[in-house]
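Summary of structural features
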Amino acid sequence: MKIFQPSWVHHDEKSIFSIDIHPCGERFATGGQGCDSGRVVIWNMAPVVSEEAEANKSIPRILCQMDNHLACVNCVRWSGNGLMLASGGDDKLVMIWKKTAGGGGGFGAFGGKSVEHWRCISTLRGHAGDVLDLAWSPQDRWIASCSVDNTIIIWDAQHFPKIVHVLKGHTGLVKGVTWDPVGKFVASQSDDRSLKVWKTTDWSCFKTITEPFEECGGTTHILRLSWSPDGQYLVSAHAMNGGGPTAQIIERDGWKCDKDFVGHRKAVTCVRFHNSILKRMAPKTNKLQQYCCLAVGARDRSLSIWLTALQRPLVVIHDLFQDSILDLAWSHDGYTLLACSGDGHIACLQFTAQELGTPLSEEDKNILYQRMYGKNANFDLTVQAEKEMIVENSDFLNVSKSNPVPPTLIPQQGARKEEMPRTTNTADNRAAVQSPHAMAIQSSSSLSAHAPILKQIETKTADGKRRITPMFIPLNDDNGGAIAGVANSTPGIVFGSKSSESLPSNDLKPLINDESSQLTATSTMESIDNNACKLDTRLKKLATAPPPQKAEAISNQSEQSVVRASIATPNQRLVDRTRQPASATGKATVIQGNSFKAFGEVRVQIQNNCVKTSYGSLGRVVGVMVTPPQRTEKKLWETVVGSPIVCFAVGAKYAVVCSQDYTIRLLDIKTGTPVFPVLTLTSPAVQNAFSSNSKLVAVLTENGTLRIWNVPEKAVYLSTNCSDILSGSFVTVLHVSDQGMPFIVLANGSSYCYCRKLDSWMLINSPDPIMRHGLIGNKANAPVRNMKVYPLSTIQSYGSFSGPKTNSFAELHSSSWQTPASISFIENQIKICEMISSPVELKYWYSMLGFQLALNGSEEKIRQVLDDLLGASPHSLDTSMGDDGDPAVLGISKHVFMEDILNHFKTQTKWQRIYTEYLDQLKFLKERDGRDSARME
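Owing to the predicted nature of the structure, the values given are computational and were not obtained by experimental measurement. (Residues numbered from 1 in each chain as written. Predicted model: local features only at pLDDT ≥ 70, side-chain atom pairs only at ≥ 80, totals over all residues. Heavy atoms only, no water.)

Describing the overall build of the protein
Helix and strand content of the protein: 17 helices and 54 strands. Evaluated residue by residue, the protein yields a buried proportion of 53% over its 937 residues. Taking contacts inside the protein between residues at least 6 apart in sequence as the whole, the part at least 24 apart equals 56%. (Helix = DSSP H or I, 4+ residues; strand = E, 2+ residues; numbered from the N terminus. Buried < 20%, exposed > 50% of the residue type's maximum accessible area, 1.4 Å probe, protein only. Contact = heavy atoms within 4.5 Å.)

Written out as structure tokens, the structure is:
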């Protein structure tokens, strides 16, 4: 053993209160008093342990000095991975330091430039008094700090400065804290003559030990206790036995206190176990021994080294300093011990393997841990805490071991298949169990036509040529439902479109659309209701028929290409037939050739420049009734328009026709008579749409003017402008809900919804990182295309924003931003659902909020959300209250949302007490409401 005291390690003759060696062994840190502030210094280890390095002037001694603390620093501790250094002082602060690239961040004790740059990355504020001791948990999951304010604070080391818990129970200054290496407990020692052991599962006080400390007085500045690396022994600082000072040994087995380390003449201030379990051959028996080693420092200025395999100290060094020993630190290799004193000096003790023994290998340590605790040394504290938690609520017994399953917006097909009767094979039974959201189209062999379809009308001209009149051939449809049409629609929701444009095959996309309120059909057959998911017999025949001869080709090539695009094969998915507009610039484009759209049995046909007059060309608008089952056509009405038509839409009762001269005509679909006089706006229309109930019609112009009219009331419902949000883009999709809320999707992928109550555009989708992360992390298994039931999800499915890049989101699985970003996104989704009146999606997002909170939420956030839903907080997530005082959103009781959230907590045992607490309150409120209802009756 060698002992030496490097005189050049000092704090300008001020006290050094703490010392710790970096895990790599190349540097160590000291903390104490500076000239006019607290001081933390990082030193080079080489000049301390090597005389040659000490004599070499080119080797730096001081690496960095940090004088950021406002008062004396009482403790410095390196994290287990060596990336961070924690310091705590009389200024009530804990500072977390991290090395950064580039030198020159401060000055050394002698005025020299720092070799390394260590920056304070987080300042932890929470204590009301001096911070006296610090300790990192195994795997650096948490860090504990204790203070003269009688508390211990557990900080989340992965999300600084988040406080995990404040341990309260001591009635005196808490002067020492240490972690169980197994991760099950954290221990603290206080001037209140007690040592407390706290559980890491729920941070409750597991054991309070007072007997060895009853005769102790508050005579020491610190009480640094330590836990043995095998977890079997907890050794305290200042204890008394028979009137003499000792270091009390507390055995893990039964927390017995019948052994102690004696010999020091004054109070023990600090103990520090060697980092490793050691082994050597016993001198007499020649058998392998496994044991632990620790150093004990006291106010008598002496230092003793003990082995748990010996009943006497290995070595005792008296009068090592001129003042009390305040801290001890072992090197990672286990053969160097540093001690610091209140006299401002440090001492270095070097041992050999023959003196101390050899550290156990990691493999041997894992075997030992497995035998003692049933786990290896590299355990996950968070997982372990939950596994070891006692299940107190029977609701957790069946689900506590299952993997959490996120909620789904649409019931999954697989789940429905499990519900199918296995003995039913008939078509009727298949139809009875088929999901309205099913994604796969049935094989053509299983489809049948419900009504005969007549052949297309064929006539011969005088020169013998055949002319085929195109007819709309409806697909078999049980409900006759689809979404109201919007002209010039682009990839996305099927709102209806021009018939004069063909569909490229590469634009076919998966689609789910289960609206059943309307049917808007065009000659391009875009709007297909997947409630039926069937093709009629003519399309089936066309799918298998040979290519038609040139002489028999359909004259309208665009229609022919669309029909071919509509052909389905077995197991093919329902497709959204989309295409780019003729002019992808957001400008109004005159409809070329013939075009029509239909709603139910009424079809509206458009043909521009078909009537020549001396005043100019006219366009024709014709209403036709198609009568089943023979599909006979009957002309209902006809009118002409003096300006070329650029877009039109058809609803259940009305049709809107928009012309190039900025005019708008609203016609009765049965008679063709105008509902409004001819209106004019400031520029030609580019988009128009009816609400699903056809009471509202929306028109959007080139310059961003948006008008929504209430047709039955003949009044404007909304007049606004969206030019401010276009940002150089243009609108590709327009939809108006039955509640009068317009949704727009831009060509750049962003989408918005206008709220009259807020007089603002609400952001639905954008390249914002939080929104991208939220949509990617919470997106449905398939694109949702149902504006009536799922308006928010449908609009958001149109975002063309890509997922995270590998380099920019490399921290995806460990970043602290993910949880708050996800919760922020979900809460915004909830508010949007409330404003647009989407109860189905509102219930889904509340359930998703519960899922996220159960996995990653904090207790504070969980209680805030549950209190809001319970009605206990004045700052509710929603201010809509029922007349009876029961909180409700969109007609749904908040207690329904609360039940959904609580159900997710059943997968996480750590929340069982919160679950039980709020479930009991919910049951009480229901019983009270039931009693009140009974009295009223």
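As for the side chain of threonine 907
Along the chain, threonine 907 turns up in the loop between α16 (894-905) and α17 (912-936). In this structure threonine 907 comes out as buried when scored by relative accessible area, which is 16%. In this structure the side chain of threonine 907 is engaged in a polar contact, spanning 2.8 Å, whose partner is the backbone oxygen of histidine 904. (Polar contact = N/O pair within 3.5 Å; in protein donor to acceptor, adjacent residues only side chain to side chain.)

With respect to α16
Taking 1.5 Å per residue as the helical rise, α16 with its 12 residues ought to reach 16 Å, and the 17 Å between its terminal C-alpha atoms agrees with that figure. Restricting attention to buried positions, one finds in α16 the residues Lys894, His895, Phe897, Met898, Asp900, Ile901, Leu902, His904 and Phe905. (Expected span 1.5 Å × (residues − 1).)

Description of the confidence of the model for the protein
The share of residues in the protein with pLDDT of 70 or more is 72%, and the mean pLDDT across the chain is 77. In this model residues 413-456 is a low-confidence stretch, pLDDT under 50, and it forms 63 contacts with partners more than four residues away in sequence or in other chains. For residues 469-583, every residue scores under 50 in pLDDT, and the model assigns this stretch 308 contacts once sequence neighbours within four places are set aside. (pLDDT = per-residue confidence, 0-100.)

Things to note about unusual backbone geometry
The step from phenylalanine 160 to proline 161 runs through a cis peptide bond, and the omega angle for that step is 0°. With respect to the secondary-structure elements, proline 161 resides in the loop between β12 (151-156) and β13 (163-168). Unusually for a residue other than glycine, aspartate 12 sits at a positive phi of about 55°. Tracing the backbone shows aspartate 12 in the loop between β1 (2-4) and β2 (16-21). You can call aspartate 12 partly exposed: its relative accessible area is 22%.

Comments concerning the sheet that holds strand β22 (residues 268-273)
The strand order β22-β25-β26-β27 describes an open sheet built from four strands, whose pairing is antiparallel. Looking at the sheet topology across the chains shown, the edges are occupied by β22 and β27 (315-317). With strand direction ignored, the average angle separating the axes of adjacent strands in the sheet is 15°. (Pairing = 2+ DSSP bridges. Axes fitted to C-alpha atoms, helices over the stretch in contact; angles between N-to-C directions.)

Considerations on the pairing of strand β4 (residues 38-44)
Burial runs high along β4: seven of the seven residues are buried. Neither face of β4 is left uncovered, since the one carrying Gly38, Val40, Ile42 and Asn44 and the one carrying Arg39, Val41 and Trp43 both have all their residues buried. The pairing of strand β3 (residues 27-33) with β4 spans seven bridges and is antiparallel. Within β4, the residue paired with arginine 27 across the bridge is asparagine 44. Connecting the antiparallel pair β3 and β4 is a turn made up of four residues. The sheet contact formed by β4 and strand β5 (residues 62-66) spans four bridges and is antiparallel.

Some points on the nonpolar core
In this structure, Trp845, Leu866, Leu902 and Phe905 are the most contacted members of the largest nonpolar core, which totals 53 residues. Tallying contributions element by element places helix α14 (residues 839-856) first for this core, with nine residues. (Core = buried A, V, L, I, M, F, W, Y, C linked by side-chain atoms within 4.5 Å.)

Quick look at the side chain of threonine 701
Mapped onto the elements, threonine 701 comes out in strand β46 (residues 696-701). With a relative accessible area of 2%, threonine 701 lands in the buried category. Ignoring sequence-local partners within four residues, the contact set of threonine 701 consists of Leu681, Ser683, Pro684, Ala685 and Val686.

Examining the packing of aromatic side chains
Summed over the entire model, instances satisfying the criterion amount to 18 aromatic pairs. Considering the side-chain rings of tryptophan 8 and tryptophan 43, the 6.1 Å spacing of their centres and the 55° angle between planes classify their relative orientation as tilted. Placement of tryptophan 8 in the loop between β1 and β2 and of tryptophan 43 in strand β4 is noted, with a sequence separation of 35 residues between them. On the basis of relative accessibility, which here comes to 7%, the residue tryptophan 8 falls in the buried class. A centroid spacing of 4.4 Å and a plane angle of 15° characterise the contact between tyrosine 846 and phenylalanine 897, whose relative ring orientation is stacked. Remark: phenylalanine 897 occurs in helix α16 and tyrosine 846 occurs in helix α14; sequence separation between them is 51 residues. Each member of the pair, tyrosine 846 as well as phenylalanine 897, carries the same accessibility label: buried. (Phe/Tyr/Trp six-rings, centres within 6.5 Å; stacked < 30°, edge-to-face > 60°.)

Quick notes on the pattern of salt bridges
Pairing is possible between side chains that carry opposite charge, provided their charged atoms lie close to one another. Across all of its chains, the model carries 25 salt bridges by this definition. Note that arginine 77 is salt-bridged to aspartate 327, the shortest N-O span being 2.9 Å. Of this pair, arginine 77 sits in strand β6 (residues 73-78) while aspartate 327 sits in strand β28 (residues 325-330); the two residues are 250 residues apart in sequence, bridging distant segments of the chain. Each of the two residues, arginine 77 as well as aspartate 327, counts as buried. Close ionic contact of lysine 99 with glutamate 116 constitutes a salt bridge, the shortest N to O distance being 3.5 Å. Of this pair, lysine 99 sits in strand β8 (residues 93-100) while glutamate 116 sits in the loop between β8 and β9 (117-125), placing them 17 residues apart in sequence. Given a relative accessible area of 42%, lysine 99 falls into the partly exposed group. Each of Arg77, Asp133, Arg224 and Asp327 takes part in salt bridges that share partners, so that together they form one network. (Salt bridge = Lys/Arg side-chain N within 4 Å of Asp/Glu carboxyl O.)

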